[in-house]
Amino acid sequence: MIGVLSLQGGVEPHLALLRALQLPARPVREAAELLACSGLVWPGGESTTQRKLIARFALGGVLDAFVHSGRPVLATCAGLIGCAERDYLDVDVERNAYGRQTGSFQTRTDDGHALSFIRAPKLRHLGPEVQVLATVQGDPVAVRERNVVGVCGHPELTGDPWLHALALGTAGAAKLPEAPLAEKKIADHTRVDDPRTTPPFAS
Amino acid sequence: MTEQEDKNAPPSFEVKLGLARMLAGGVIMDVVDAEQARIAEDAGACAVMALERVPAQIRKEGGVARASDPAMIESIKQAVSIPVMAKCRIGHFVEAQILEALEVDFIDESEVLTPADEQHHIDKHALRVPVVCGCTDLGEALRRIGEGAALLRTKGEAGTGNVVEAVRHLRALRGQIRRLTTLEDDELMAEAKTLGAPHALVAAVARSGKLPVPSFAAGGIATPADAALCRALGAEAVFVGSGIFLSEDPATRARAIVAAATYYDDPRRLCAISKGLGKAMPGLELGELRPEQRLAARGW
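Numbering of residues begins from 1 in every chain and follows the order in which that chain's sequence is written. Chains and ligands are labelled sequentially in the order written, the chains with letters from A and the ligands with numbers from 1. The predicted origin of the model limits local features to residues at a pLDDT of at least 70 and limits the giving and counting of side-chain atom pairs to 80 or more, whereas totals for whole chains, interfaces and linings rest on all residues. The side-chain numbers reported here are obtained from all heavy atoms of the structure, hydrogens and water having been left aside.

### As for the packing of helix H3 (residues 47-56) of chain A against helix H5 (residues 78-85) of chain A
Residues and elements named next belong to chain A.
1) Next: For helices, the fitted axis covers only the stretch in contact; all axes are lines through C-alpha atoms, and the angles between them, taken along N-to-C directions, range from 0 to 180 degrees. Working definition: helices are DSSP H or I runs of at least four residues, strands are E runs of at least two. Numbering for both runs from the N terminus. Put simply, H3 and H5 touch, their axes get as near as 9 Å, and they point 50 degrees apart. Classified by the angle their axes make, H3 and H5 are oblique. Regarding H3 and H5, the two cross each other, and that crossing is right-handed. Across from Ser 47, Gln 50 and Arg 51 in H3, the residues of H5 making contact are Ala 78, Gly 79, Ile 81 and Glu 85.
2) Next: Residue polarity follows a fixed list, in which Ala, Val, Leu, Ile, Met, Phe, Trp, Tyr, Cys and Pro are nonpolar, Asp, Glu, Lys and Arg are charged, and the others, Gly among them, are polar. For the contact of H3 with H5, a count of residues per class yields two nonpolar, three polar and two charged. Reported orientations rely on four angle classes, namely roughly parallel under 35 degrees, roughly antiparallel over 145, roughly perpendicular from 65 to 115, and oblique for the rest. Two helices cross in a left-handed way if the nearer one is turned anticlockwise from the farther one by less than a right angle. They cross in a right-handed way if the turn is clockwise. The contact definition used throughout considers only heavy atoms, calling two residues in contact when any of these lie within 4.5 Å.

So, in structure tokens, the structure goes:
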């Protein structure tokens, strides 16, 4: 069972993508729920809000224990910031590095995976043990250190399952769809979607 | 070319929707100055709504309520790192363009301000910044999505501290969505006519059983229990207007409402969260309002 840390943020898109990968998943907010999971997604949202809820409800210790147990973790956007703050990833992160929402965008990684960057952070310094998994125009956007994968953007918003399968596939029997979801999705994303002509969820 | 390189074109709808999705589970708080914005951020707000007067003050003082002074919104942007939203009048696309030029993160086309156009809402597809709109039922929700809203909220009855209208609107949305899923395909056009909503969107909701954009609650939320009630009725997040900074102890109440939005279905936690918050804002019975004082009736 994959837990999706459900304090504040974009939980539903991760649950939907994990379902598509046939990885059983559930939202988690309690220590016992988290410790019963075999993998964890730390979703995007507001890193400040998430940090305050972790402190107020004393979830830091159990997150530390989970990560140090070696079970796989995927952290997106605010989750990446949280992992850097808690030293799960030896990286420096600059928050909102592309500016405000007007600087948000969708693009492909240099190896072709679709990512949404929403008020996204940038990776500024990588420790010696940190492995780069993906770049955009040469800049690292997804990294791994031991069992923790962090990404600046949102693969769950584009429906591209590559990083979930890579980070969490060992926590269950991940089955990649035969035709990558992203091929179809990104085609829709590269132009302005106008629901007057293109109803959302039409696909 | 990535979206990022073409700064003038509106981004794809999905990019606007992306920020709406990241606000889920959170609390968006009305603030009137930088100090309140810092209190809200420190309490765990996932965004702030910058405005010159909270709805209860607008209600009391009367007169025409307009978009806030850009300098005031700017000072709030500088005070916090969380997203900053701001309100424009219904149909006032120039106020919206000004807020876009100011680079707020989200625009609220809001019935709390005095409507500028009684017939037309803003064409929200034309804006680069995502827009949230109020709704009272499914037809209104789908009309706003048709115009390009990336996020919906209930109208509730702002500035009353009375959650009854927000609950009415959440119940209406849920009930009407559930009803749509029971219809046959050949019944959807008649339903679209009844709802006054685009057929394509009606069909999409009938198929998926949910709205194509997130829906939050707003209007009259004053306590952690109010916030939890709205979450339990399907709102993915809550806006709190007058309820925080017109209460006796805003910082404590703000923290409590943030926690209640997360643990909304855990009564044991809600009990602990709700203790010792001081006085809530004074509330208004809806019967005390004259019809022209009802903000939810603005827009269509």
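### As for the sheet that holds strand S2 (residues 47-50) of chain B
1) Next: The eight strands are arranged S7-S6-S5-S4-S3-S2-S1-S8 (chain B) in an open sheet whose pairing can be described as parallel. Of all strands in the sheet, those with a lone pairing partner are strand S7 (215-216) and strand S8 (238-240) of chain B, marking the two edges. Strand pairing is assigned whenever DSSP detects at least two bridges linking the two strands.

### Section: helix H1 (residues 11-20) of chain A
1) Next: Partly exposed residues are those whose accessible area sits between 20% and 50% of the maximum for their type, while under 20% is buried and over 50% is exposed, using a 1.4 Å probe and protein chains only. Looking only at H1 of chain A, the buried set comprises Val 11, Pro 13, His 14, Leu 15, Leu 17 and Leu 18 of chain A.
2) Next: At the exit of H1 of chain A stands Gln 22 of chain A, carrying a positive phi of roughly 60 degrees.

### Comments concerning the interface of chain A and chain B
1) Next: Each side of the interface is counted separately: chain A has 47 residues, and chain B has 59 residues.
2) Next: Both sides of the chain A and chain B interface together cover about 4,400 Å² of buried area, and 57% of this is carbon and sulfur.
3) Next: The term salt bridge refers to a side-chain nitrogen of Lys or Arg lying within 4 Å of a carboxyl oxygen of Asp or Glu. In this structure, the connection of chain A to chain B is made through five salt bridges.
4) Next: Here a polar contact is recorded for every N or O atom pair within 3.5 Å, except that within protein the pair must consist of a potential hydrogen donor and a potential acceptor, and residues adjacent in sequence are included only if both atoms are side-chain atoms. On inspection of chain A and its partner chain B, the count reaches 21 residue pairs in polar contact (both at pLDDT 80 or more). As a working definition, buried area equals the accessible area (1.4 Å probe) given up by two parts on being put together, with both sides summed.

### A look at the confidence of the model for chain B
1) Next: Each residue gets a pLDDT score, which is the predictor's confidence in that residue and runs from 0 to 100. Mean pLDDT for chain B: 95, with 97% of residues reaching 70 or above.
2) Next: Counted against residues more than four places away or in other chains, residues 1-5 of chain B, with its pLDDT under 50, gives 16 contacts.

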